[in-house]
Amino acid sequence: MKVLKFGGTSVASPENIHKVKSIIQNNGETPQTIIVSAFGGITDTLLETSRLASEQNLDYKASLEKIEKRHIDTIKSLIPIKKQSSVLSKVKSDLNTLETLVEGSYLIGEVTPKLSDKIVGYGELLSAYIISEFFIAEGLNTQFKDSRELIITDDSFGKGKVDFKATSEKCEAYFNQNKANVTILPGFISASKQGNSTTLGRGGSDYSAAIVSSVLNADVLEIWTDVSGMYTANPKMVKQAKCISHLSYEEAMELSHFGAKVLYPPTIQPVLDKEIPIIIKNTFAPEDEGTHVSKNTNGSQKTVRGISHVENISLISLEGPGLVGIPGISKRFFETLSLENISVVLITQASSEHSICVGIANNDVERAKSALEETFAYEMQSHRIKPLQIEEDLAIVALVGENMKSHQGLSGQMFSTLGRNNVNIRAIAQGASERNISAVIAKKDVKKALNSLHETFFEENIKQLNLFVMGVGNVGAKFIEQIRSQSNYLKEELKLNVRVIGMSNSRTMCFDEDGIDLNLWQNVLAEGEKANPNTFFERIRQLNFRNSVFVDNTASETIAQTYPNYLENSIAVVTCNKIACSSEYDYYQNLKQLSKKYNAPFLFETNVGAGLPIIDTLKHLIVSGDKVHKIQAVLSGSLNFVFNTFDSSTTLHDVVKQAQEEGYTEPDPTIDLSGVDVMRKILILVRESGNQLDMDAIENNGFLPQESLEAGSNDAFFKSLKKYEKDFQKLYSEAENKDCKLKYVAQFENGKASVGLQQIPKGHDFYNLEGSDNIVLFFTERYPNQPLIIKGAGAGADVTASGIFADIIRIGNF
């Protein structure tokens, strides 16, 4: 004997019911008992209809008409015209009875639990009857049976308690004489010993199937739904979720309790006692393997089998000295909730007995609060117990696995993963069986928490980084191209899945939660919404993705001032913008402290030397205990290019123009040639070496005339260069006469920093520095005479983009 249950989506339309028929036919001559839910959406419509009627709102009539039309249309689609008459007559008779019940609710202005059970049960009664008649018309040996004649409960309307002895006797008596190959039963409904209609609770069709399976000693219980089994996480929230091929009864029970809606929690118990296997299958993909639930065989070595969650949870905390050492406090607390018929989802209690904290459904909070305040009124008035603390809009996230109890460190992995992603844990619970670890978090963090945990426990160490890119000019465009071209390599070799979720330029911005197609990003951005840095940040915060990284490819002071917003929300910041780290020392220090406090990386390798590992090397020196005594450096690739190219046969104007066109200078070349850019870079190195310094303490021995420095536009600046060409040629000839080369040098020693144009003699490390290269000499305790030298390309969009790329990889490896 097989028992098959088909949910509301499986029977939501005539097309779907045809799929159900095919599944049943594929079982051949095997005796089958089929439990069906109401047509998809009908139960909710029935509840809404009864609510409207109880409020004496005549709109209930339109709802009834909608219900009637749905069922009549289904009959006409499924059953041949010649056989429709008797079916339509029976269904219309049932619909008339339903209308009478709803009218009764309208007249008395209320819907009692008893009346509600009668009304909502019609969904399953009608669907089961129509489907049975369709099967008969199709030639299947089928019989319809009203479940109220088989499943017996007490008078707990809304969630009847099953009398298994009476139910077993009724089922055995019926099935012993039943000769049909296929028996159709309506799920969800039952009857009391007095014959009143009852229901088994929402989702009770699963329970109906389990009850029948148990009393008939079925070979297997198949639950047919719209997904291919139970998943490692909710596939609607975690796209990488995978179907779990096998679960123990206990694991399935834990997952279903914590929100895995494929299975109704009470379903497990009746079949567990008799070790009847459950198979969860997909009506719309019947060839998929599905999930097999059976007695635990320890066949899987996987520790965590699934991650589940329950939303709309509130925490109620009772605490105070009056709880300590007083017998019966817990009894009174839970008895009060029980008498109010309030289900406790999670319990945690301090070992000091100073507090009790429970998780309950949001809609039970007010009743719980009133009842508990009444129960503990004396203790609260005498200040032995503090007023109740209530936190709402929470959710429970749970790791589930039979083998978790034999593995150390899972709790640590779970909590550190949540912590790294700025998910605050409000309460923790773990059963003595160690089959699940539960954490209460803010509801807004659920998606991020599920994806973060899934990445940690199920995704073969593939880490997803979600990038939000500000600035897509020269550097930004090169960076995006590098991400695009290296995407497969990152996944295969470094186990990093790097996605660009949002991007912005000065005009427009765009977002795509699934990742922007980097082959089409220019078109997508062009069609985006109006750019706004504040809106850009708010959108990132609202998306609340794990492993989020803000990438600043601009030279904007406004954008640099937004970094605290990102870091405070545990969003990493990667930037080639030097303004933040060269601004006031307090602001620089605040960014570093926020990075540590919120575990959000703040990386700016490209601030000095573009793609050269200058800052990273300096950090390693400091971390290992070395001390920097002196720094000498050529830090401007732009200025090095200019003075390597400038000679008696050229003009400074033409060389600077060429540098600007080739992307070596900032959009405003004054920043480079004034020495301000070099000042920022040496300042950053000084600070990263552990010294406190500000820009105004750096001596700038510039070579530009005041008129050039005060030019209000690029045009005016270039005109001034032409005007003072003789002065520039004089600088060149003086150096050439001494067999020296002009280099713009930054230096730090004895607490003082300076920048300026210097004549570099032959034999010096700077003399042969070519093109736009940078060079840094670190004189330290370990390198007192022969400095540690870092040399290479220090300007250009490609190398700067590669430096940003390297910082992204560093974050991926954190």
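Up top is the structure these notes are about.
Please read these numbers as outputs of a predicted model, since none were measured by experiment.

### Considerations on helix α19 (residues 533-543)
Logical step 1: Of the residues making up α19, those classed as buried are F536, F537, I540 and L543. Around the axis of α19, the buried residues are gathered within 130 degrees of arc, so they sit on the same side. Exposed residues lying more than 90 degrees from the buried face of α19 are N534 and Q542.
Logical step 2: At its buried positions, α19 is contacted by β18 (463-470), β19 (496-504), β20 (508-511), β22 (548-552) and α21 (563-568).
Logical step 3: The N-capping residue of α19, defined by a side-chain oxygen 2.9 Å from the backbone nitrogen of N534, is N532.

### A short note on the nonpolar core
Logical step 1: Counting residues in hydrophobic clusters, the biggest one holds 75 residues, and the most contacted among them are F550, Y563, L635, I682, L685 and F703.
Logical step 2: The dominant element in this core, judged by the number of residues it contributes, is helix α27 (residues 676-688), at seven residues.
Logical step 3: Not counting the four nearest positions on each side in its chain, F550 is found in contact with F468, M470, F536, I559, T562, Y563, Y566, I571, A572, V573 and V574.
Logical step 4: Residues I34, I79, A128 and L140 belong to the second largest nonpolar core, which totals 47 residues.

### Focus on the sheet that holds strand β28 (residues 752-761)
Logical step 1: Strand order in the open sheet made by the six strands is β26-β28-β27-β25-β29-β30, with mixed pairing throughout. Across the chains shown, the open sheet's two edge strands, defined by having one partner strand only, are β26 (698-701) and β30 (788-793). For this sheet, the mean inter-axis angle between neighbouring strands, taken without regard to orientation, is 20 degrees.
Logical step 2: One ladder, built from six bridges, connects strand β29 (residues 773-780) with β30; its direction is antiparallel. Residue pairing for β30: D773 is matched across the bridge by A793.
Logical step 3: In the packing of α27 onto the sheet, the strands contacted are β25 (628-634), β26, β27 (740-749), β28 and β29, and the crossing angle to β27 comes to about 40 degrees.

### With respect to the side chain of N178
Logical step 1: Of note, N178 is situated in the loop between α7 (164-177) and β5 (182-186).
Logical step 2: Among the residues examined, N178 registers a relative accessible area of 11% and is labelled buried.
Logical step 3: Discounting chain neighbours no more than four positions away, the residues touching N178 are Q143 and T183.

### Some remarks on helix α16 (residues 474-485)
Logical step 1: Over its twelve residues, α16 runs 17 Å from end to end, which matches the ideal 16 Å to within 8%, given 1.5 Å per residue.
Logical step 2: Elements in contact with the buried residues of α16: β18, α17 (487-493), β19, α18 (521-526), β22 and α31 (797-812).

### Some words on a negative patch on the surface
Logical step 1: Together, E65, E68, E99 and E103 make up a region of like negative charge exposed at the surface.
Logical step 2: Those elements giving two or more residues to the negative patch turn out to be α3 (60-78) and α4 (84-108).
Logical step 3: Assignment of secondary structure puts E68 in helix α3.

### Quick word on the packing of aromatic side chains
Logical step 1: All told, the structure shown has 20 aromatic pairs when counted by the stated rule.
Logical step 2: Here the aromatic rings of F511 and F536 are separated by 5.2 Å at their centres, their planes lie at 40 degrees, and the arrangement is tilted. With F511 in strand β20 and F536 in helix α19, this pair connects stretches of sequence that are 25 residues apart.
Logical step 3: Residue F536 is classed as buried on the basis of its relative accessible area, which comes to 0%.
Logical step 4: Relative to F604, the ring of F602 lies with its centre 5.0 Å away and its plane at 50 degrees, an arrangement referred to as tilted.
Logical step 5: A relative accessible area of 5% means that F602 is categorised as buried.
Logical step 6: Cluster of aromatic residues (ring-pair linked, three or more members): F468, F511, F536, F537, F550, Y563, Y566, F602 and F604.
Logical step 7: Geometry around F779 places K630 over its ring, the cationic atom sitting 5.2 Å from the centre.
Logical step 8: The ring of F718 has K657 sitting right over it, with the charged end atom 4.3 Å from the ring centre.

### So, the sheet that holds strand β7 (residues 197-199)
Logical step 1: With mixed pairing, the three strands of this open sheet are ordered in space as β4-β6-β7. Strand pairing shows two members of the sheet lacking a second neighbour, β4 (152-153) and β7, which therefore form its edges.
Logical step 2: Relative to β7, strand β6 (residues 189-192) runs antiparallel, the two being bridged by three bridges. Paired with I189 across the two strands is T199, which belongs to β7.

### Concerning empty space enclosed by the protein
Logical step 1: Counted under the stated rule, the structure contains one cavity of 30 Å³ or more.
Logical step 2: By volume, the largest cavity is sized at about 30 Å³.
Logical step 3: Within the residue set of the lining of the largest cavity, elements represented by two or more residues are α5 (113-120) and β7.
Logical step 4: Residue contributions to the lining of the largest cavity peak at three residues, all from β7.

### Section: the environment of R484
Logical step 1: Mapped onto the fold, R484 is located in helix α16.
Logical step 2: Using a relative accessible area of 33% as the deciding quantity, one classes R484 as partly exposed.

### Re the pattern of salt bridges
Opposite charge on two side chains makes pairing possible when the charged atoms of those side chains draw close.
Logical step 1: By the definition in use, this model includes 37 salt bridges.
Logical step 2: A salt bridge links D677 to K578; its shortest N-O distance comes to 3.2 Å. Residue D677 is found in helix α27, and its partner K578 is found in the loop between β23 (572-575) and α22 (585-597); the two are separated by 99 residues along the sequence.
Logical step 3: For K578, a relative accessible area of 9% puts it in the buried group.
Logical step 4: For E707, the salt bridge is made with K723, and the minimal N-O distance between the two is 2.8 Å. Of this pair, E707 sits in helix α28 (residues 706-709) while K723 sits in helix α29 (residues 714-723); the two residues are 16 residues apart in sequence, bridging distant segments of the chain.
Logical step 5: For E707, a relative accessible area of 36% translates into the label partly exposed.
Logical step 6: One continuous salt-bridge network, built from bridges that share partners, spans E605, D616, D807 and R810.

Basis of the calculations
- Residues numbered from 1 in each chain as written.
- Predicted model: local features only at pLDDT ≥ 70, side-chain atom pairs only at ≥ 80, totals over all residues.
- Heavy atoms only, no water.
- Buried < 20%, exposed > 50% of the residue type's maximum accessible area, 1.4 Å probe, protein only.
- Helix = DSSP H or I, 4+ residues; strand = E, 2+ residues; numbered from the N terminus.
- Arc of directions from axis to C-beta.
- Contact = heavy atoms within 4.5 Å.
- Polar contact = N/O pair within 3.5 Å; in protein donor to acceptor, adjacent residues only side chain to side chain.
- Core = buried A, V, L, I, M, F, W, Y, C linked by side-chain atoms within 4.5 Å.
- Pairing = 2+ DSSP bridges.
- Axes fitted to C-alpha atoms, helices over the stretch in contact; angles between N-to-C directions.
- Expected span 1.5 Å × (residues − 1).
- Patch = residues over 30% accessible without salt bridge, like charges linked within 9 Å, V, L, I, M, F, W, Y side chains within 5 Å.
- Areas by Shrake-Rupley, 256 points an atom, 1.4 Å probe, with all protein chains shown as cover.
- Salt bridge = Lys/Arg side-chain N within 4 Å of Asp/Glu carboxyl O.
- Lys, Arg positive; Asp, Glu negative; His and termini not counted.
- Charge placed at Lys NZ, Arg CZ, Asp CG, Glu CD.
- Phe/Tyr/Trp six-rings, centres within 6.5 Å; stacked < 30°, edge-to-face > 60°.
- Lys NZ or Arg CZ within 6 Å of the ring centre and 35° of its normal.
- 1 Å grid on protein atoms, 1.4 Å probe; cavity = no way out; pocket = protein on both sides within 12 Å on 5 of 7 lines; lining within 4 Å.
- Points joined across faces, edges and corners; volume = space filled by probe spheres on them.

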